[in-house]
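Below are the chains, spelled out letter by letter.
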Amino acid sequence: MRVDPFSEILKLTNAEAVVTGGFTAGGPWAIRFPGRDKIKFFAVVKGSCWVKLEGEAEPRHFETGDVGLLAERRSFVLASDLSVAPLDAMDLFSGSGRTMATLGDGGDFAHIGGHVLLDPIRGRMLADILPPWIHTRASSPHATIFRWLLDRLIEERDVGQPGAQLASAQLTQLLFIEILRSHLNTSNRLPAGRLRALADPRIAPALRLMHGNPARAWHLEELAKACAMSRTSFAFHFRKAAGVAPLAYLTEWRMRLAERALRAEKTPVAVVARSLGYTSERAFSNAFKRVSGSSPMAYRSSLHVADGDASGEALPGKTTNAV
């Protein structure tokens, strides 16, 4: 079976995009949104606005169909005019269940926004490989797809047909994936790392092999042959794209899978080790500690604390705050 490494990472981190609300506006307006410990995204459905992001010297101009994704905890201002004193989004969307707001007559501008829910432990794997900020313009090659998805999201919200909630969830997930795909298309300008590696067609066959069968003792020669390269050329191109050597990448991926397995309390560490190709529990524990910073048992114990800290996080299907 052909394995898609990008899909594997999304599944491993339980990435789920949800639309949490939006607003319409008319006349001069400005809203300040707080920084949140979530990956946030928003789209301009109608009109245009300025986006002033904390830490950025210059504002960005968003047109109809433009989409933004923010992966760091930064506040930002959306405005028709940046000289207007911004309203606080927390005040604007205050009130139980309130997800939509209208400023002025609401006739000039329309916006929808949301965030990406991630596994509280493994979610950092996705968050850490994303750039702080992605701005995908309506003029990009993905514009037609964005426009269709946004139109369908608005229709599902406004018409309220049977199954609208489920349809909206699926459309939002597709929107998130398309945002990431559009960014991957700029792989030649991405810094070395997992995201660039996922977008590099030259090393894609090797990534599919490692993700498809992580327990196998892959040799550099096999991976290079799959990519139709010499061993030296493959090692060079892989490190240039991923920032690490091929077998170091494989070890890191194994440890991410190990973290998922260790969440199942009844699975012995020795069983986890064997499932990932380690012939001894000691060799696995040494590798896990080298990559994750703690032993498998210490990591498993820390999960109880982390799960308790995350108990207040919004879960799929529950009401979430609009900002």
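Description of the structure in this document. Computed from a predicted model, the values in this text were never measured in an experiment.

1. Some words on the packing of aromatic side chains
For any pair of aromatic rings, the description rests on two quantities: the centre-to-centre distance and the angle between the ring planes. Counted according to the given criterion, the structure contains 13 aromatic pairs. Plain terms: the ring middles of Phe23 and Phe109 are 5.6 Å apart, the flat faces sit at 35° to each other, and that makes the pair tilted. Here Phe23, found in strand S1 (residues 16–25), pairs with Phe109, found in strand S10 (residues 109–117); they are 86 residues apart in sequence, far enough to count as distant. Residue classification places Phe109 among the buried positions, given a relative accessible area of 1%. Between Trp29 and Phe109 the ring centres are 4.8 Å apart and the planes differ by 40°, which places this aromatic pair in the tilted class.

2. Quick word on the sheet that holds strand S7 (residues 76–79)
Sheets are built from strands paired through backbone hydrogen bonds, the pairs being either parallel or antiparallel. Spatial strand order, S5-S4-S7-S2-S8: five strands in an open sheet with mixed pairing. Since the sheet does not close on itself, it has two edges, and those belong to strand S5 (60–62) and strand S8 (87–88), each with one partner. For strand S2 (residues 30–33) and S8, the ladder comprises two bridges, and the chain directions are parallel. Bridge pairing in S8 places Ile31 opposite Leu87.

3. Topic: the side chain of Arg74
If you trace the backbone, Arg74 turns up in the loop between strand S6 (67–70) and S7. Looking at Arg74, the relative accessible area reads 15%, which means it is buried. At a separation of 3.4 Å, a polar atom in the side chain of Arg74 contacts the side chain of Glu56. Ignoring anything within four residues of it in the chain, the contact list for Arg74 reads Pro34, Gly35, Leu53, Glu54, Gly55, Glu56 and Pro132.

4. Here's the deal with helix H10 (residues 246–262)
The α-helix advances 3.6 residues per turn, and as a result positions three or four apart in sequence lie on the same side. The end-to-end C-alpha separation of H10 is 24 Å, in line with the 24 Å expected for 17 residues at 1.5 Å each. Here H10 lies mainly inside the structure; twelve of its 17 residues are buried. The set of residues buried in H10 consists of Pro246, Tyr249, Leu250, Thr251, Trp253, Arg254, Met255, Arg256, Leu257, Ala258, Glu259 and Leu262.

5. Thoughts on the packing of H10 against helix H12 (residues 281–292)
Each packed pair of helices is defined by two parameters, the angle between the axes and the distance between the axes. Where H10 meets H12, the closest approach of the two axes is 10 Å, and the angle between their N-to-C directions is 100°. Taken together, the axis directions place H10 and H12 in an arrangement best described as roughly perpendicular. Across from Thr251, Glu252, Met255, Arg256, Ala258, Glu259 and Leu262 in H10, the residues of H12 making contact are Phe284, Ala287, Phe288, Arg290, Val291 and Ser292. Across the contact of H10 with H12, the residue classes tally to seven nonpolar, two polar and four charged.

Cut-offs used in this document
Counting from 1, residues in each chain are numbered in the order their sequence is written. Two thresholds apply to this predicted model, a pLDDT of at least 70 for residue-level local features and 80 or more for giving and counting side-chain atom pairs, whereas whole-chain, interface and lining totals are computed over all residues. Neither water nor hydrogens contribute to the side-chain values; these are computed over all heavy atoms in the structure. Two rings from Phe, Tyr or Trp (for Trp, the six-membered ring) form a pair when their centres are within 6.5 Å of each other. A pair whose planes differ by under 30 degrees is stacked, one over 60 is edge-to-face, and the rest are tilted. Comment: elements are numbered from the N terminus, with helices defined as DSSP H or I runs of at least four residues and strands as E runs of at least two. Only protein chains enter the accessibility calculation, which uses a 1.4 Å probe. A residue is then buried if its area is under 20% of the maximum for its type, exposed if over 50%, and partly exposed in between. Note: two strands are recorded as paired if DSSP finds a minimum of 2 bridges between them. In the analysis that follows, any N or O atom pair within 3.5 Å is treated as a polar contact, provided that within protein one partner can donate a hydrogen and the other can accept it, and provided that, for residues neighboring in sequence, both atoms belong to side chains. Contacts between residues were defined by any pair of non-hydrogen atoms, one from each residue, lying within 4.5 Å. Here the expected span of a helix is defined as 1.5 Å times the quantity of residues minus one. Here an angle of 0 to 180 degrees is reported between the N-to-C directions of two axes, which are lines fitted to C-alpha atoms, with helices fitted over the stretch in contact. The scheme is simple: roughly parallel for angles under 35 degrees, roughly antiparallel for over 145, roughly perpendicular for 65 to 115, oblique for anything else. Note on residue categories: nonpolar means Ala, Val, Leu, Ile, Met, Phe, Trp, Tyr, Cys or Pro, charged means Asp, Glu, Lys or Arg, and polar means any other residue, Gly included.

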